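Overview (structure and organization)
Spelled out from the first residue to the last, the chains are:
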Amino acid sequence: MGRVYNFSAGPAVLPEEVLRQCANDMMDYKGTGMSVMEMSHRTKMFEDILGRAEADLRELMGIPSNYKVFFVQGGGFQQFAAVPMNLTVNGVADYIDTGNWSNKALKEARKYTDVHVIASSEDKTYTYIPDVSDLSVDENADYVYICQNNTIFGTKYKELPNTKGKTLVADVSSMFLSEPMDVEKYGVIYAGVQKNAGPAGLVAVIVREDLLRDDLPAYVPTMLKWKTQADAGSLYNTPNCWAIYVCGLVFDWIKRTGGLEAMKERNEKKAKVLYDFLDESSMFKGMVVKEYRSLMNIPFVTGDKELDALFCKEADAAGLVNVKGHRVVGGMRASLYNAMPIEGAQRLVEFMKEFERTH
Ligand SMILES: *Cc1c(COP(=O)(O)O)cnc(C)c1O
């Protein structure tokens with residue numbers, strides 16, 4: 001069987017070029033006679049891989065020199081705890097609840113700090129992003145937390161919240177490297193790389209230097225202290241070497257294909273193919289208020305659960321796989337990450353048209 005169009009929300013499609021490079025390097029990485037998986041993380045060879053990955057990420061995102069970048073394990077979920085552990089001083093944090101991932105993050109944070117939910121779109125099952133231009137940010141808030149692209153519900157912030165001078169923390173897992181970002185507007189950015197940049201098992205964390213603290217409560221595990229990871233340059237203990245290597249290849253691929261401006265343009269074009277069809281279809285409907293539509297994750301339904309299930313089954317058989325929606329939302333979801341070619345979106349729409357005609 002050849003390659004399919006894989007619409008999985010994560011772990012997700014990777015660039016074919018990158019996969020070929022991995023295969024090519026597998027038995028003998030650059031004359032070492034071993035794969036990156038078999039290599040000590042304390043070797044010059046691996047330090048080069050790590051150094052290049054960080055440098056390329058800094059270049060792609062335009063990360064200023066007063067921000068530290070490090071790669072850790074534990075997934076997005078672990079950062080839900082690391083955020084309050086590292087940032088709590090006054091003991092108050094403001095969260096904006098735009099769906100599953102921000103909700104999980106705020107529930108975890110409640111173990112360590114007093115959480116105020118200062119805006120929420122729960123009233124309309126998270127189909128929009130609340131107005132964040134003039135929020136009642138607590139004057140003692142240690143930070144304001146957002147999930148910038150909501151993987152499950154398919155929404156994305158149009159504007160960043162007005163945090164009234166407080167530190168902005170953003171989970172950008174499912175939009176990481178999909179478009180340019182102004183890093184200076186954030187105190188902390190993190191992303192589980194398995195959505196748009198690499199294999200599972202790695203999180204890229206970007207933290208402004210002044211937020212890295214030594215004086216954390218004794219209960220904070222050494223490994224969850226950002227300063228430990230930043231000071232050690234991701235090498236405090238054995239990192240996920242393989243995932244760092246694959247991410248490095250993806251960063252390089254993005255650089256060679258035009259950087260984040262070009263990614264954004266391609267992603268907009270690609271998403272438009274599907275959104276335009278959803279707007280005109282009499283069978284399939286998008287689920288999100290238009291102005292907050294995500295470029296990466298696009299949920300849709302027919303309105304009939306059995307028809308949804310049949311669609312997923314037939315799409316799968318046609319090589320358009322993993323279009324089943326998240327169990328919380330139901331229906332379908334097509335994730336159109338960087339590595340999905342526009343032909344994938346076009347093929348999906350052709351298939352939807354045909355399905356609509358025959359059912
Ligand atoms: C997938 C996802 C997570 C969870 O990541 P894990 O690596 O499974 O812990 C967190 N936040 C967002 C926005 C996600 O899409």
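Report on the accompanying structure. All residue numbers refer to position in the chain's written sequence, counted from 1. In keeping with the model being predicted, local features are shown solely for residues with a pLDDT of at least 70 and side-chain atom pairs are shown and tallied solely at 80 or more, while totals for entire chains, interfaces and linings include all residues. Water and hydrogen atoms play no part in the side-chain values, which are based on all heavy atoms of the structure.

Right, let's get into the layout of surface pockets. In this analysis, the protein atoms alone were mapped onto a 1 Å grid. Cavities are point sets where a 1.4 Å probe fits without being able to get out; pockets are open sets with protein on both sides within 12 Å along at least five of seven lines; lining residues have an atom within 4 Å of a point. Grid points are joined across faces, edges and corners, and a volume is the space filled by probe spheres set on the points. Considering only enclosed or pocket space, the largest pocket measures out at about 420 Å³ in volume. As for the largest pocket, its lining consists of 20 residues, and the residues nearest its centre are Gln148, Lys156, Tyr157, Lys158 and Glu179. Numbering goes from the N terminus for both helices and strands, where a helix is a DSSP run of H or I of at least four residues and a strand is a run of E of at least two. Among the elements that line the lining of the largest pocket, the one with the most residues is helix 7 (residues 259–280), at three residues. Nonpolar residues are Ala, Val, Leu, Ile, Met, Phe, Trp, Tyr, Cys and Pro. Charged residues are Asp, Glu, Lys and Arg, and all others, Gly as well, are polar. Its residues placed into classes, the lining of the largest pocket shows nine nonpolar, one polar and 10 charged.

The next subject is the sheet that holds strand 4 (residues 114–120). Whether two strands pair depends on DSSP finding at least two bridges between them. Pairing in this open sheet of seven strands is mixed, and the strands run 2-10-9-8-5-3-4 from one edge to the other. Two strands bound the open sheet, and with one partner strand each, they are strand 2 (67–72) and strand 4. Neighbour-to-neighbour, the strand axes of the sheet open up by a mean angle of 20°, direction not taken into account. With five bridges joining them, strand 9 (residues 188–192) and strand 10 (residues 203–208) adopt antiparallel strand pairing. Bridge pairing in strand 10 places Gly192 opposite Val203. We call two residues in contact when some of their heavy atoms are within 4.5 Å. An axis is simply a line fitted to the C-alpha atoms; with a helix, the fit covers only the stretch in contact. Between two such axes, the angle follows the N-to-C directions and lies from 0 to 180 degrees. In this fold helix 4 (residues 100–109) packs onto strand 3 (92–97), strand 4, strand 5 (144–147) and strand 8 (168–171), with an angle of close to 160° to the strand it touches most, strand 3.

Attention now moves to the pattern of salt bridges. Any carboxyl oxygen of Asp or Glu within 4 Å of a side-chain nitrogen of Lys or Arg constitutes a salt bridge here. The tally for this structure, following the rule as stated, stands at 24 salt bridges. In this structure, the salt-bridge partner of Glu291 is Lys158, at a minimum N-O distance of 2.9 Å. Linking Glu291 in the loop between strand 11 (285–286) and strand 12 (297–301) with Lys158 in the loop between strand 7 (155–156) and strand 8, this pair joins segments that are 133 residues apart in sequence. The buried label applies to any residue whose accessible area, calculated with a 1.4 Å probe on protein chains only, is under 20% of its type's maximum; exposed applies above 50%, and partly exposed to all values in between. Overall, Glu291 belongs to the partly exposed group, its relative accessible area being 43%. Here Asp276 and Lys272 are joined by a salt bridge, their closest N and O atoms 2.7 Å apart. Highlighted residues: Asp276 and Lys272, both in helix 7, separated by four residues, approximately one helical turn. Classification of Asp276 by relative accessible area gives partly exposed; the value is 35%. Among the ionic contacts, a cluster of salt bridges with common partners joins Asp214, Lys225, Lys227 and Asp231.

Only a single heavy atom is needed: when it lies within 4 Å of a molecule or strand, its residue is near that molecule or strand. With respect to spatial proximity, the complete set of residues near the ligand consists of Gly75, Gly76, Phe77, Phe80, Trp101, Cys147, Thr151, Asp171, Ser173, Gln194 and Lys195. Think of a polar contact as two N or O atoms within 3.5 Å of one another; within protein, one of them needs to be a possible hydrogen donor and the other a possible acceptor, and neighboring residues in sequence only count if both atoms come from side chains. In this structure, Thr151 approaches the ligand through a side-chain N or O atom, which is 2.5 Å from an oxygen atom. Here Asp171 contributes a side-chain N or O atom positioned 2.6 Å from a nitrogen atom of the ligand. Values of accessible area rely on a 1.4 Å probe in the Shrake-Rupley scheme; residue burial ignores everything except the protein chains shown. Within the complex, 87% of the 380 Å² of free accessible area of the ligand lies under protein. Element by element, the count of residues in the shell around the ligand is highest for helix 3 (residues 75–87), at four residues. Of the residues in the shell around the ligand, the class split is four nonpolar, five polar and two charged.

Another aspect to go through is helix 8 (residues 305–317). What sets the pattern is the α-helix's 3.6 residues per turn: residues three or four places apart point alike. Each helix should span, by expectation, one fewer than its residue count multiplied by 1.5 Å. With 13 residues, helix 8 ought to run about 18 Å at 1.5 Å a step, and its terminal C-alpha atoms sit 19 Å apart, in line with that. Of the positions making up helix 8, those classed as buried are Leu307, Asp308, Phe311, Cys312 and Ala315. Looking straight down helix 8, one finds that the buried residues subtend no more than 140° of arc, so they occupy a single side. Along helix 8, the residues that are exposed and aim more than 90 degrees away from the buried face are Glu306, Lys313 and Ala317. Working definition: the arc comes from the directions between the helix axis and the C-beta atoms, pointing outward to the latter.

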